[in-house]
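# Results of the structural survey
Read off the chains here:
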Amino acid sequence: MVTENLAAKKSRYISVKLNGTETYVEDISSDGSMRDYLKMCRDRLSFIREAMPKAEWAIKIEQQWKVKGITYFQMLDAETEELLEEVI
């Protein structure tokens, strides 16, 4: 199970995807937990789907940080609340 990294100095943003392709990114505060932004993301996704209902939309809260040249990513799906992690 992946746990959210609350300690690292990181950047955080929301990512809106259309049919799996990232179409919009917005920086958000890295204070607190990614889960603090779930309601905001769900509201935005609802608004987008209402305006453009025929498209396949998704929204995630993402954060990234580096440790010794290695970049870590965590992605929180705003609908399923599934937290994933990648290391590059």
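Now for a quick tour of the structure. (Residues numbered from 1 in each chain as written. Predicted model: local features only at pLDDT ≥ 70, side-chain atom pairs only at ≥ 80, totals over all residues. Heavy atoms only, no water.)

## Description of the nonpolar core
For clarity, the threshold we go by: Here the nonpolar core consists of buried residues drawn from Ala, Val, Leu, Ile, Met, Phe, Trp, Tyr and Cys, with membership extended through side-chain atoms lying within 4.5 Å. With a 1.4 Å probe rolled over the protein chains alone, any residue whose accessible area is under 20% of its type maximum counts as buried; one over 50% counts as exposed, and the rest are partly exposed. Runs of E in the DSSP output that reach at least two residues are strands. Runs of H or I that reach at least four are helices, and both are numbered from the N terminus.
Within the largest apolar cluster, 15 residues are counted, with the highest numbers of intra-cluster contacts made by Ile14, Cys41, Ile59, Ile61 and Leu76. Those elements that provide at least two residues to this core are strand 1 (11-18), helix 1 (38-51) and strand 3 (57-67). Among the elements that make up this core, the one with the highest residue count is helix 1 (four residues).

## Thoughts on the environment of Ser46
Checked against the element boundaries, Ser46 lands in helix 1. Using a relative accessible area of 42% as the deciding quantity, one classes Ser46 as partly exposed. A sequence separation of 39 residues divides Ser46 from Ala7, and the C-alpha atoms of the two residues are 31 Å apart.

## Some words on the packing of aromatic side chains
Convention followed: Here the aromatic set is Phe, Tyr and Trp, taking the six-membered ring for Trp, and pairing holds for ring centres within 6.5 Å; pairs whose planes are under 30 degrees apart are stacked, those over 60 apart are edge-to-face, and all others are tilted.
As enumerated under the stated definition, the model contains one aromatic pair in all. The interplanar angle of 10° and the centroid separation of 5.6 Å between the aromatic rings of Trp65 and Tyr72 together place this pair among those described as stacked.

## Notes on unusual backbone geometry
The phi dihedral of Asn19 is positive, around 50°, even though this residue is not glycine. Topologically, Asn19 is positioned in the loop between strand 1 and strand 2 (21-28). The phi angle at Glu81 is positive, at roughly 60°, despite the residue not being glycine. For Glu81, a relative accessible area of 34% corresponds to the partly exposed category.

## What to know about helix 1
To be explicit about the condition: How far a helix is expected to stretch is found by multiplying one less than its residue total by 1.5 Å. Only heavy atoms matter for contacts: two residues are in contact if any of them lie within 4.5 Å across the pair.
With 14 residues, helix 1 extends 20 Å from end C-alpha to end C-alpha; this agrees with the ideal 20 Å at 1.5 Å per step. Those residues of helix 1 hidden inside the fold are in contact with strand 1, strand 3 and strand 4 (70-77).

## Section: the pattern of salt bridges
Heads up, the condition is: Any carboxyl oxygen of Asp or Glu that lies within 4 Å of a side-chain nitrogen of Lys or Arg is treated as forming a salt bridge with it.
A full pass over the atoms with the stated rule returns six salt bridges. Taking the shortest distance from any N to any O, the salt bridge between Arg44 and Glu26 comes out at 2.4 Å. Pair noted here: Arg44 is in helix 1 and Glu26 is in strand 2, with a separation of 18 residues, a long-range link. Notably, a salt bridge pairs Glu81 with Arg35, separated by 3.4 Å at the nearest N-O pair. Of this pair, Glu81 sits in the loop between strand 4 and strand 5 (83-87) while Arg35 sits in the loop between strand 2 and helix 1, placing them 46 residues apart in sequence. The partly exposed category is assigned to Arg35, whose relative accessible area is 38%. One network of salt bridges, in which partners are shared, links Arg35, Arg42 and Glu81.

## Focus on the side chain of Arg12
Stated precisely, the cut-off is as follows: Pairing of N or O atoms within 3.5 Å defines a polar contact, subject to two protein rules: one partner must be a possible hydrogen donor and the other a possible acceptor, and residues neighboring in sequence count only if both atoms are side-chain atoms.
Mapped onto the secondary structure, Arg12 falls in strand 1. Since its relative accessible area comes to 1%, Arg12 is described here as buried. A polar contact is formed between the side chain of Arg12 and the backbone oxygen of Gly32, at a distance of 3.2 Å. One polar contact links Arg12 to Gln63, side chain to side chain, over a distance of 2.8 Å.

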